[in-house]
Amino acid sequence: MESILCPERLNLDPQDPEAALAFELWLACFQLYLEEVSATEPAVMHRILLSQVTLKVYSLIRDLLTYEEALDALKRQYLRPVNTAYARHRLARRRQRPGESSAEFLRALQTLVRTCDLQNAYGGTACGAASMRRPLLQESGSLPLGPPYRLG
């Protein structure tokens, strides 16, 4: 079953700040691998899953007998719910640091925005929606309608 799509063994510390993103990447690669080897039977998928984790991760799922149970346990461990209030606070307080380029600052803001859940915060429309931005920009008259990061 050697394949170019075979993911590295899952060896993550759940307390690592980037554990959720690393797990999402590993899971996507693992699912592609299962498709490539045509593993559709849950028992086979469970055996492949067990072969792709390290001892530290195995201890989390060793008592679970099915693929679905094991995968759900891993998701619960690594994909924790985001505290959207705290994420919005971090976004609101984020300032460009000395020596940080505009591109780096923009990437940091884009990363923070992903966790803010702004669609639900503003009744289905994000605060950056064109329908809200256009009237504000037309009033000022001095700002172009292009994306704000072009101004920096």
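In the block above lies the structure referred to throughout.
Only a predicted model underlies this, so the values are computations on that prediction, with no experimental measurement involved.

Help me understand the packing of aromatic side chains, please; the structure alone is not making it clear to me.
The description of an aromatic ring pair uses the distance of the two centres, along with the angle that the planes make with each other. Per the counting criterion, the structure on display carries 3 aromatic pairs. For the ring pair Phe 23 and Tyr 78, a centre distance of 5.2 Å and an interplane angle of 20° mean the geometry is stacked. Here Phe 23, found in helix α1 (residues 19-36), pairs with Tyr 78, found in helix α4 (residues 67-78); they are 55 residues apart in sequence, far enough to count as distant. Taking 4.9 Å as the distance between ring centres and 10° as the angle between the ring planes, the aromatic pair formed by Trp 26 and Phe 30 counts as stacked.

Is there a simple way to think about α1 in this case?
One full turn of an α-helix is made of 3.6 residues, so residues set three or four places apart face in the same direction. In this model α1 runs 25 Å from its N-terminal to its C-terminal C-alpha over 18 residues, within 8% of the 26 Å that 1.5 Å per residue would give. Of all the residues in α1, the buried ones are Ala 19, Phe 23, Trp 26, Leu 27, Phe 30, Tyr 33 and Leu 34. The arc that holds the buried residues of α1, viewed along the axis, is 125°, so those residues lie on one side. Facing away from the buried surface of α1 by more than 90 degrees, the exposed residues are Leu 21, Leu 25 and Glu 35. Where α1 is buried, its residues touch α2 (42-51) and α4.

Looking at this structure, how should I read the side chain of Glu 100?
Mapping Glu 100 onto the fold places it in the loop between α5 (84-93) and α6 (102-114). On the basis of relative accessibility, which here comes to 15%, the residue Glu 100 falls in the buried class. Among the polar contacts listed, one links the side chain of Glu 100 to the side chain of Arg 94, at a separation of 2.7 Å. For Glu 100, the residues in contact, after removing those within four places along its chain, are Arg 94, Arg 95, Phe 105 and Ala 108.

The rules behind each value
- Residues numbered from 1 in each chain as written.
- Predicted model: local features only at pLDDT ≥ 70, side-chain atom pairs only at ≥ 80, totals over all residues.
- Heavy atoms only, no water.
- Phe/Tyr/Trp six-rings, centres within 6.5 Å; stacked < 30°, edge-to-face > 60°.
- Helix = DSSP H or I, 4+ residues; strand = E, 2+ residues; numbered from the N terminus.
- Expected span 1.5 Å × (residues − 1).
- Buried < 20%, exposed > 50% of the residue type's maximum accessible area, 1.4 Å probe, protein only.
- Arc of directions from axis to C-beta.
- Contact = heavy atoms within 4.5 Å.
- Polar contact = N/O pair within 3.5 Å; in protein donor to acceptor, adjacent residues only side chain to side chain.

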